[in-house]
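So the chains spell out like this:
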Amino acid sequence: MLSLNILETILLSSILAYSVGEFRIYAKSLNYTFFQIDGRLESDDLINAADGSWYDQYFFRGNVDQSLTVILESRSFDTYLILLDANNNPIAQNDDISQNNRNSRVTLTLPNNGIYTIIVNSYEPDSQGRYTLSIEDSTINCLSKTLRPNLPQNYLDIIESVNINNLNSQYIYQEQLVANLTTLEQALKISQDNCWWHEEGRLLHEIAMIYEALENYSQTLEYLQTALSIRRDINNPLEESRTLRQMGIIYSHLTQYDKAIAYYSQSLDIQVDLEAIGDAAKTLNNMGVAHDQMGQYYNALSYYQQALIAFQDIADSIGEGITLNNIGETYHNLGQYSSAIDHYQQALDTFYELDIYRWSGIIFNNIGRACADLAYHIQISSENGTHCLLDRNFEISNSELVQYLPALRYYQQALVIHQRTGDRTAESDTLDNIGLLYSLVGEYEQALENYQKALSIRQELNNQLGIATSFNNIGLTYTHLEKHTQATDYYQQSLEISQIMGDRSNIGISFHNLGYLLLKTQQFLQAEDYLFQALDIWESLRDIKLDTLDQVSLLETQQSTYKLLQETLVSQEKYQSALNVSERSRARILLQQLNQLLTNKLEQKLAIEAPTIQDIQHIAQTQNSLLIEYSITNDNQIYIWVIQPNGTVIFRSVDITNHNLAQMVKETRISLGARNRSTPDNSQGQAITIEPKESSSIRAFNEQLQTLYQLLIDPVADLLPDSADTNIIFIPHGKLFLVPFPALMDKNGTYLIEKHTVLTAPSIQILDLTRTQRNRIRTTETPNSTALVVGNPTMPTVYFPGPNRYDTLSPLPGTEQEARAIAQILGTLPIIGDAATEAAMKQQMASAEFIHLATHGLLEYGDPKTFGRRDIPGAMTFAPGHGDDGLLTAAEILGLDLNANMVVLSACDTGLGNITGDGVIGLSRSFIAAGVPSIIVSLWAVPDASTAELMTTFYQKLNQGQTKAQALRQAMLTTMATHPDPINWAAFTLIGEAE
């Protein structure tokens, strides 16, 4: 008899028994209610080490709470029946059904899911003979005498045609993938019929890989989930971990990165337990990719470094090379192009040593991209030097191409390798990159040659989406060459393919390109139609599930279409329609956020569709203000719309062909003495003193201010209000967000603020929502509402990228005096020093009516290019404590529930941030999105003494009943009298509601 102390013996035999026992499955009735298996105990069966008896074992898959009866019958020997659960623990046994019946029977409910084992044994050790095993359960459809069979040759022949290791290779085209799928599904049916569970799990996983290559991710997940269940049932943890990792990859494809990371973590836990270093390294690498895709770049680098160490420990050079390439990609995403190239080069050296040419080609292409981006960065930033020089001499006639020559040479080396390895898809992609580079420097004939080569390959591969992309690229090149008929033909072909394939992004590109071509040929009505269709596509592609920065990035890629459409409409003198399109392009993501907040607060859904002209006119009337909206076009024009308080809309434009507007704004700020101070330096936190300017310096900044006045104000000067009490609300665009409008100077030397009350807004439509929020706050009684005034908190230690860059910010004694004076005016107590912890301030902000924060403002803190995480840039500093780091970031501000009527950020650079088509991404935007209708921020590093004076005057005037806009104007004028230099009084701007 097989005793219950046989667990180790059974486990060993289940591993070693590879022969497939012969048995037949019979139906006892037409209902197929149970299996009946004829078997035989004989001398070549498994032997129990304890008593020398023979036994057979059968495996079946069971589910928790499943009820069944197992019967063992024999006329040759006294039967003994044992059942083991999914964990190989004995759960039932029986010797004799009754005193007179030597057969065995057990009835039970299964405790869990998994593979169960039936042990057929005799009571006497030396008994042999025939037996019948029956299972009464309609859901049991498979029994096996082994978990890991020796697969028969005829079965192996079936799957021999499928190269499992190449399922994800780009060399396998769709027809081959489908053929492989058919073969594997045939093999899967055989494995299921024969209960070959190990093989079934493997085939399910491989079929899932084919569905992944076909981009059918729902089917992929379905097969992987089934494979996962089987691998868990048969207690195969390593393969289980691999399936979990693959599920993480699929969720990454679906951009569900949180789910991807969750599956990777489960996979990694198993691999660490098993000490499966190679598999753990792959999983760590995948976790790095997921964090990279989420924009959490430093987390990505951390996982990559762990993967790199693991690959090096086991001498997996391929894994090491792939990980080095991924590290390079992350540095590339961070804009750290030199570091990216360093790691790409290390990866390239690794694959060179391994003679893996395909990967070498991919990395040459990546180095080319990094070199091109680095050259472009150097060009626009006027920096010196490059990290991409090759030790070769090339003659080149186009001087603009010199800076891109290293990128071109890397692309050409990639091309040679792609051709050598037969990687046609990669070859066509690299040819596209080369074409784009030539197009960038105006070498259109060479661009066209490379685009045509890429097209030929994609046609050969029947890569329809790639063909559509090529058609668009070729059409755009013909547009530059002014071969309009050919361009139109290629655009139309691209559009037709994209519509058949349902590629909405490429459809939008085709509409845009057709609109651009028709605008160039002055076919304005047709251009208008195509460009409106492009906008409809772009706006349908926006997904509110994306995070703020992803939505803003997507909107940024679409700005050119809005600009082209404005040009088209202005060319037809459809000025009001052009204004509508201008508004349609602005602050859309901010509108969504503010709309959601107000919807929750007011419990009613507000419309956020692009405003009509009637809506815009109504907003101007409601604000009782003059609105001035600017739009910088692609053809060196500034469009200006003036919406008067009575709703009248007037259009003007300015030609800036002979002006570098961005440079003018930069030089104006420099001439004022404005500078950004977003990271600590030796003078951080010290009072900023302004040295008296020499007469030449005064003339210089006067000239700069007057030039900007001439461009931005003179064209609409006749429309400005006579009364200084009538608000002018500027809606800037692009670099104009950096313009200090109050300090602009007319030809008589008069500053704009001396004649007018000015404020700004991200868009006209935002004013409608901020007014709604202001009215809600005024009509909502907030218990214990008071003012929150913070000055000179105990400064935190802040990390800034670079060696030894943990810095404790210097104190700001001037802001403490400022806070005490303002708190007295507002009838409250200032919060100073250690009391001003981040946690306490966030709590008190929730009920504060006015919030005044006089502390450090960190402009770039959280910027992914600097800090390595996907975050909205900007932070206000407070005392650390209660588990907080003392940094209230722009991202954290978005999550606050604020009811403040106004927030004043009396700190450096708080009005700055990343300038995008959706506005300035930074602190001011976050407070508006959090529900604050009015916010005062600074455009540069402000001097302590004059700032304290300006802010004190501002609150005094506000306390006397003036509006916020009027009080800020009077504060500027008062400060101007004692500190005439604009650096002292012109930095602050009011965004949002004037009252």
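Computed from a prediction, not measured in an experiment: that's the story for all the values here.

Enquirer: Would you mind showing me how to read the overall build of the protein here?
Expert: Counting secondary structure elements, the protein contains 36 helices and 28 strands. The 995 residues of the protein split such that 55% are buried. For the protein, the share of sequence-separated contacts (at least 6 apart) that also reach a separation of at least 24 residues comes to 69%.

Enquirer: Help me understand helix α6 (residues 237-253) in this model?
Expert: The periodicity of an α-helix, 3.6 residues per turn, causes residues three or four positions apart to be oriented the same way. The end-to-end C-alpha distance of α6, which contains 17 residues, comes to 25 Å, matching closely the 24 Å that a straight helix rising 1.5 Å per residue would cover. With 12 of 17 residues buried, α6 lies mostly within the body of the structure. The complete set of buried residues in α6 reads E240, S241, T243, L244, R245, Q246, M247, G248, I249, I250, Y251 and S252. Looking at the packing, one finds that the buried side of α6 touches α4 (197-213), α5 (217-233), α7 (257-274) and α8 (277-293). Count one or two residues on from α6 and you reach T255, which has phi positive near 60 degrees.

Enquirer: What's the story with the pattern of salt bridges in this structure? I'm lost.
Expert: Think of it this way: side chains of opposite charge can pair up when their charged atoms draw near. Summed over all chains, the structure comprises 24 salt bridges. In this structure, R584 and D536 form a salt bridge, with 3.1 Å as the shortest nitrogen-oxygen distance. With R584 in helix α23 (residues 575-584) and D536 in helix α20 (residues 524-541), this pair connects stretches of sequence that are 48 residues apart. You can call R584 buried: its relative accessible area is 12%. Assessed through its relative accessible area of 45%, D536 is described here as partly exposed.

Enquirer: Would you explain the sheet that holds strand β22 (residues 875-877) in this entry?
Expert: Sheet strands pair by backbone hydrogen bonding; their relative direction is either parallel or antiparallel. Judged by pairing direction, the sheet is antiparallel, and its 3 strands sit side by side in the order β21-β22-β23 without closing on themselves. The sheet terminates laterally at β21 (857-858) and β23 (887-889), the two strands that pair on one side only. Both β22 and β23 contribute to a ladder of 3 bridges, which runs antiparallel. What sits directly across from M876, in β23, is L888.

Enquirer: Where do I start with the pairing of strand β12 (residues 637-643) in this structure?
Expert: Consecutive residues of a regular strand have side chains that alternate between opposite faces of the sheet. Of all 7 residues in β12, 7 are buried; the element is thus mostly enclosed. The two faces of β12 match: Q637, Y639, W641 and I643 on one face and I638, I640 and V642 on the other face are all buried. Counted along the chain from strand β11 (residues 626-632) to the antiparallel partner β12, the turn is 4 residues long, and its residue N636 has a positive phi close to 60 degrees. By the bridge criterion, 7 bridges tie β12 to strand β13 (residues 649-655) in an arrangement that is antiparallel. Bridge assignment links W641 to a residue of β13, and that residue is F651. Hairpin connection, β12 to β13: the antiparallel pair is bridged by 5 residues, and G647 has positive phi, about 100 degrees.

Enquirer: I'm lost on the nonpolar core in this one. Help?
Expert: Most often, soluble globular proteins keep nonpolar side chains buried together rather than apart. One finds I628, Y630, L712 and F954 to be the most contacted residues of the largest nonpolar core, which totals 163 residues. The leading source of residues in this core is helix α12 (residues 357-381), at 9 residues. If we skip the residues at most four places from it in the chain, Y630 touches R586, I638, Y639, I640, L712, I713, F730, I731, P732, H733, L736 and F741. By size, the runner-up hydrophobic cluster in this structure holds 49 residues, among which are W196, W197, L268 and A280.

Enquirer: What am I meant to see in the confidence of the model for the protein here?
Expert: Low pLDDT means the predicted coordinates in that region are not meant to be read closely. On average, residues of the protein score 81 in pLDDT, and 81% of them are at 70 or above. At the low end of the mean pLDDT range in the protein sits strand β1 (residues 26-27), at 32; at the high end sits helix α28 (residues 752-755), at 95. Of the regions scoring below 50 in pLDDT, residues 676-696 engages in 52 contacts with residues more than four places distant in sequence or in other chains. Scored below 50 in pLDDT, residues 863-870 makes 40 contacts in the model with residues more than four places away or belonging to other chains.

Enquirer: So what exactly am I meant to see when it comes to the environment of S470 here?
Expert: With respect to the secondary-structure elements, S470 resides in helix α17 (residues 464-480). A C-alpha to C-alpha distance of 9.9 Å links S470 and D429, two positions 41 residues apart in sequence. Ignoring anything within four residues of it in the chain, the contact list for S470 reads Y451, A454, L455 and R458.

Enquirer: Could you clarify how one ought to interpret the packing of helix α22 (residues 559-571) against α23 in this entry?
Expert: Geometrically, a packed helix pair is captured by the angle between its two axes and the distance between the axes. It is at 8 Å that the axes of α22 and α23 come closest, and there the two elements cross at 170 degrees. Accordingly, the angle class assigned to the pair α22 and α23 is roughly antiparallel. Facing Y562, L565, Q566, L569 and V570 of α22, the residues of α23 in contact are Y575, S577, A578, V581, S582 and R584. Considered class by class, the residues forming the contact of α22 with α23 number 7 nonpolar, 3 polar and 1 charged.

Enquirer: Sorry if this is basic, but what is going on with a nonpolar patch on the surface here?
Expert: Taken together, the side chains of L465, I500 and M501 define a hydrophobic patch exposed on the protein surface, amounting to about 310 Å² of accessible area. Along the chain, I500 falls in helix α18 (residues 484-501).

Enquirer: Would you explain the sheet that holds strand β7 (residues 90-94) in this entry?
Expert: Taken in spatial order, the 5 strands of this open sheet run β3-β4-β9-β6-β7, and their pairing is antiparallel. In the strand order of this sheet, the two ends are held by β3 (46-47) and β7, each with one partner. Relative to strand β9 (residues 114-122), strand β4 (residues 54-62) runs antiparallel, the two being bridged by 8 bridges. Among the inter-strand pairings, F59 is bridged to a residue of β9, identified as T117.

Enquirer: Mind showing me how you'd approach the side chain of H205 here?
Expert: Structurally, H205 can be placed in helix α4. With residues near it in sequence (within four places) discarded, H205 still touches L224, A227, R231, R242, T243 and Q246.

Enquirer: Mind showing me how you'd approach the environment of N236 here?
Expert: Relative to the helices and strands, N236 resides in the loop between α5 and α6. On the basis of relative accessible area, N236 is assigned to the buried category, the value being 14%. Here H198 takes part through its side chain, which lies 3.4 Å from a polar atom of the side chain of N236.

Enquirer: In this structure, what is going on with α22? I would like to understand it.
Expert: In this model α22 runs 19 Å from its N-terminal to its C-terminal C-alpha over 13 residues, within 8% of the 18 Å that 1.5 Å per residue would give. The buried fraction of α22 amounts to 10 of the 13 residues, a majority that puts the element mostly inside the structure. If you check which residues of α22 are buried, you get Q559, T561, Y562, L564, L565, Q566, E567, T568, L569 and V570. Downstream of α22 by one or two residues, E573 has phi in the positive range, about 60 degrees.

Enquirer: What exactly am I supposed to notice about unusual backbone geometry here?
Expert: In most cases, non-glycine residues show a negative phi, while peptide bonds are predominantly trans. Notably, N235 is not glycine yet its phi reads approximately 55 degrees, a positive angle. With respect to the secondary-structure elements, N235 resides in the loop between α5 and α6. For N624, which is not a glycine, the phi torsion comes out positive at approximately 50 degrees. Overall, N624 belongs to the exposed group, its relative accessible area being 54%.

What counts and how
- Residues numbered from 1 in each chain as written.
- Predicted model: local features only at pLDDT ≥ 70, side-chain atom pairs only at ≥ 80, totals over all residues.
- Heavy atoms only, no water.
- Helix = DSSP H or I, 4+ residues; strand = E, 2+ residues; numbered from the N terminus.
- Buried < 20%, exposed > 50% of the residue type's maximum accessible area, 1.4 Å probe, protein only.
- Contact = heavy atoms within 4.5 Å.
- Expected span 1.5 Å × (residues − 1).
- Salt bridge = Lys/Arg side-chain N within 4 Å of Asp/Glu carboxyl O.
- Pairing = 2+ DSSP bridges.
- Core = buried A, V, L, I, M, F, W, Y, C linked by side-chain atoms within 4.5 Å.
- pLDDT = per-residue confidence, 0-100.
- Axes fitted to C-alpha atoms, helices over the stretch in contact; angles between N-to-C directions.
- Parallel < 35°, antiparallel > 145°, perpendicular 65-115°, else oblique.
- Nonpolar A, V, L, I, M, F, W, Y, C, P; charged D, E, K, R; others polar.
- Patch = residues over 30% accessible without salt bridge, like charges linked within 9 Å, V, L, I, M, F, W, Y side chains within 5 Å.
- Areas by Shrake-Rupley, 256 points an atom, 1.4 Å probe, with all protein chains shown as cover.
- Polar contact = N/O pair within 3.5 Å; in protein donor to acceptor, adjacent residues only side chain to side chain.

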